Structures are given as structure tokens and as C-alpha cells.
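Here is what each chain is made of, one letter per residue.
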Amino acid sequence: MLFVRHLQPAGASFYAEGEWIEADEAYGEAATALQVNDLQVALRRPALDLIIACWLNQAQCQLQLRAWAKAEKLCDGVLQREPRHAKALYRRGAALMRQGEARRARADLRAAYRAAPTDRGVRQLLDECERTVRKEAQQERAYTSRMFAAPPETAIAEPPDGGARGEAGGAGGLGGA
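Residues numbered from 1 in each chain as written. Predicted model: local features only at pLDDT ≥ 70, side-chain atom pairs only at ≥ 80, totals over all residues. Heavy atoms only, no water.

Draft legend 1. Local environment of the pattern of salt bridges. Using the criterion set out here, one finds ten salt bridges in the structure. With a closest N to O distance of 2.9 Å, Arg 104 and Glu 72 form a salt bridge. Linking Arg 104 in helix α6 (residues 102-115) with Glu 72 in helix α4 (residues 68-81), this pair joins segments that are 32 residues apart in sequence. Among the residues examined, Arg 104 registers a relative accessible area of 43% and is labelled partly exposed. For Glu 72, a relative accessible area of 12% puts it in the buried group. (Salt bridge = Lys/Arg side-chain N within 4 Å of Asp/Glu carboxyl O. Helix = DSSP H or I, 4+ residues; strand = E, 2+ residues; numbered from the N terminus. Buried < 20%, exposed > 50% of the residue type's maximum accessible area, 1.4 Å probe, protein only.)

Draft legend 2. Representation of helix α2 (residues 20-33) in the model. Compared with an ideal rise of 1.5 Å per residue, which puts 14 residues at 20 Å, α2 spans 20 Å between its outermost C-alpha atoms and is within 8% of the ideal. Among all positions of α2, only Ala 23, Asp 24, Ala 26, Tyr 27, Gly 28, Ala 30 and Ala 31 are buried. (Expected span 1.5 Å × (residues − 1).)

Draft legend 3. Examining the packing of helix α5 (residues 86-98) against α6 more closely. The N-to-C vectors of α5 and α6 enclose an angle of 155°; their axes lie 8 Å apart at closest approach. What the angle tells us is that α5 and α6 run roughly antiparallel. Where α5 crosses over α6, the handedness of that crossing is left-handed. Facing Ala 86, Leu 89, Tyr 90, Arg 92, Gly 93, Leu 96 and Met 97 of α5, the residues of α6 in contact are Ala 102, Arg 104, Ala 105, Asp 108, Leu 109, Ala 111, Ala 112 and Ala 115. In the contact of α5 with α6, the residues fall into eleven nonpolar, one polar and three charged. (Axes fitted to C-alpha atoms, helices over the stretch in contact; angles between N-to-C directions. Parallel < 35°, antiparallel > 145°, perpendicular 65-115°, else oblique. Left-handed = near helix turned anticlockwise from the far one by under 90°. Contact = heavy atoms within 4.5 Å. Nonpolar A, V, L, I, M, F, W, Y, C, P; charged D, E, K, R; others polar.)

And the structure:
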């Protein structure tokens, strides 16, 4: 555990300097070093808490790197263990939003807001998400209404010579001399 306690601050230091890749690697090494099954029962909960913190920090690094799918997967790991973890819900919601999955993101962000109603960041992203979902629904309704609208009436064009085709004495047609 001492090795891990060294890696986590190293990750924080890299993160503070904007070194997202290095921070992600340090957090990943720390999480991997903590094999909860190999620990004594008394140490398992503290180790799991550290693993979750590392995964959430990695997810934040992935968001900074615009690696939305990786951030989502890291948050999935946290949420498998703690389904109502506000920070994991928020970060997965952010990743889903950036992947164009606003409806899925809304469920996570609503749950994050219920868990942390005073968090301004959660509220702001939830508001953005709600606007996006409303806009998408409006676009879908407009598309559907155009798709099922009656076709416009088409006028039958008159021949350019005023309808004289085929009449006796006309300039063209089959009945001519």
C-alpha cells in the first residue's frame, strides 16, 4: 500500500501540471497495484476506496484528453461497485454528452444531481444536457412531420406551343401531311 500511496500523489502532481497522460498512467498503476482479493479483509474497503479514487481520476484525465469512451468505461467500473457514486455518474454523463449520447447522459446527470444537489458543475451540465435533449426531440419531430407530410401537388406542365400537338394543321405531331 505504501507504493500506491506514492503513485496517487504523483498522479495528482502530473494532473496539476496538465500532464494528463502521465497522470493517467500513475493512477492506473496505483489501481492495478491494489489487488483487493489479495488483501486482508480489514484492508479491502480502504483499498477499494483508493481504486475508485484512482479510476475517477483516470476518468477525469481521459475527459481532458477527449478520450470519451475510455472515460465512460472507467466510470462504468466505479458504478459497478457503487451504482450511486455522484462523481462517477457526473463524469460518465459528461463523457456520454461528448459522444452525442445526450439521452443516456441525462439519466446519469439526473442521478448525480439527486446525489449532489448543491454541485454547480452537475447542475450546469444537466441543464446543458436537458437543452440538448429538447433540441434533438424537436429536430426528430420536425423530421418525422416532413417524412409523413402529404407530397406537394405537382402541376402538369402545358406544352410550350399552347397545346397544338397532334391537331390537324399543327406544326408537329403524328397527324401531319
